[in-house]
Amino acid sequence: MNIFKRNKELNFSDEYIESLTKSVTELKSVLDEIGTSLGQQELTNVLASAMKKDSQLFKKYVLTNELFGGAGALWELYCGDEKLQSKFQNKFNSFCRDLIKIGVENRRIKQVMW
């Protein structure tokens, strides 16, 4: 399955990179509050490849099992605190929306958004 829009290049505009930077930073901050390092390296890799405007690396890092896979993936993290859980879900959704803006089109991302 092709996770990127056919015949369309990824849009690494400054605006989208800035938005992705903000969403990754905020998401990692929430993960720190929760007390987990789950997905932090993968988020860093996605952001770094986007900042380099490297489509190949970006494609490699976006849909990893650690972020969007099955059991143990970041998207299904449950922290046990309702307030933190809501904050996590909000920031994770922002991250997903930024991926979609850049050009990622995949059912898994849309399915995990709350």
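Structure shown above.
The residue numbers shown here count from 1 along each chain, following its written sequence. It should be noted that, the model being predicted, local features are given only for residues of pLDDT at least 70 and side-chain atom pairs only at 80 or more, the latter also being counted only at that level, while totals for whole chains, interfaces and linings use all residues. Hydrogens and water molecules were not included; the side-chain quantities draw on all heavy atoms of the structure.

Some details on the overall build of the protein chain
Right, on to step 1. Where helices and strands are cited, they refer to DSSP runs of H or I of at least four residues and of E of at least two residues respectively, numbered from the N terminus. Looking only at helices and strands, one finds six helices and zero strands in the protein chain.
Right, on to step 2. Of the regular secondary structure in the protein chain, the N- to C-terminal order runs α-α-α-α-α-α.
Right, on to step 3. Values of the radius of gyration come from C-alpha atoms, whereas the globule rule sets the reference at 2.2 Å times the count of residues to the power 0.38. Its C-alpha radius of gyration of 13 Å places the protein chain within 12% of the 13 Å reference for a compact globule of 114 residues.
Right, on to step 4. If one aligns the C-alpha atoms of the protein chain with their principal axes, the spans along those axes are about 40 × 25 × 20 Å.
Right, on to step 5. Burial classification: accessible surface area is computed with a 1.4 Å probe over protein chains only, and a residue below 20% of its type maximum counts as buried, one above 50% as exposed, and the rest as partly exposed. Each of the 114 residues in the protein chain was classed as buried or not, and the buried ones make up 39%.
Right, on to step 6. We call two residues in contact whenever any of their non-hydrogen atoms come within 4.5 Å of each other. When contacts within the protein chain are restricted to residue pairs at least 6 apart in sequence, those whose partners lie at least 24 apart make up 66%.

Observations concerning unusual backbone geometry
Right, on to step 1. One non-glycine residue with positive phi stands out, namely Lys53, at about 55 degrees.
Right, on to step 2. Take Lys53: it is sitting in the loop between helix H2 (40–51) and helix H3 (55–62).
Right, on to step 3. Overall, Lys53 belongs to the partly exposed group, its relative accessible area being 44%.

What to know about H2
Right, on to step 1. A rise of 1.5 Å per residue sets the reference length of H2, with its 12 residues, at 16 Å; its end C-alpha atoms lie 17 Å apart and thus fit the reference within 8%.
Right, on to step 2. Taken together, the buried positions of H2 are Gln40, Glu42, Leu43, Val46, Leu47, Ser49 and Ala50.
Right, on to step 3. Turning to H2, the residues buried within the fold contact helix H1 (14–34), H3, helix H4 (65–68) and helix H5 (82–102).
Right, on to step 4. Note on H2: the residue one or two positions beyond its end, Lys53, has a positive phi of about 55 degrees. Expected span of a helix, by definition, is 1.5 Å for each gap between consecutive residues, and there is one gap fewer than residues.

Some thoughts on H1
Right, on to step 1. In this model, H1 (21 residues) spans 30 Å end to end at C-alpha, consistent with the 30 Å of a helix rising 1.5 Å per residue.
Right, on to step 2. Along its buried surface, H1 packs onto H2, H3 and H5.

Topic: the nonpolar core
Right, on to step 1. Core analysis: the biggest nonpolar cluster contains 28 residues, and Leu20, Phe58, Phe68, Leu74, Phe92, Phe95 and Leu99 have the highest contact counts within it.
Right, on to step 2. Mapped by element, the contributors of at least two residues to this core are H1, H2, H3, H4, H5 and helix H6 (107–112).
Right, on to step 3. What Phe92 contacts, discounting residues up to four positions off in sequence, is Leu27, Leu67, Phe68, Leu74, Trp75, Val112 and Trp114. Residues grouped as a nonpolar core are buried Ala, Val, Leu, Ile, Met, Phe, Trp, Tyr and Cys residues, joined through side-chain atoms within 4.5 Å.

Quick notes on the pattern of salt bridges
Right, on to step 1. We define a salt bridge as a side-chain nitrogen of Lys or Arg found within 4 Å of a carboxyl oxygen belonging to Asp or Glu. Under the defined criterion, the tally for this structure stands at five salt bridges.
Right, on to step 2. With a closest N to O distance of 3.9 Å, Glu26 and Lys22 form a salt bridge. Note that Glu26 and Lys22 are positioned in helix H1 at a spacing of four residues, about one turn of the helix.
Right, on to step 3. A relative accessible area of 27% places Glu26 in the partly exposed class.
Right, on to step 4. A residue is classified by how much of its surface remains accessible, and Lys22, at 54% relative accessible area, is exposed.
Right, on to step 5. When the shortest N-O distance is used, the salt bridge between Glu26 and Lys91 registers 3.2 Å. Of the two residues, Glu26 is situated in helix H1 and Lys91 in helix H5; the sequence distance between them amounts to 65 residues.
Right, on to step 6. Overlapping salt bridges bring together Lys22, Glu26 and Lys91 as one network.

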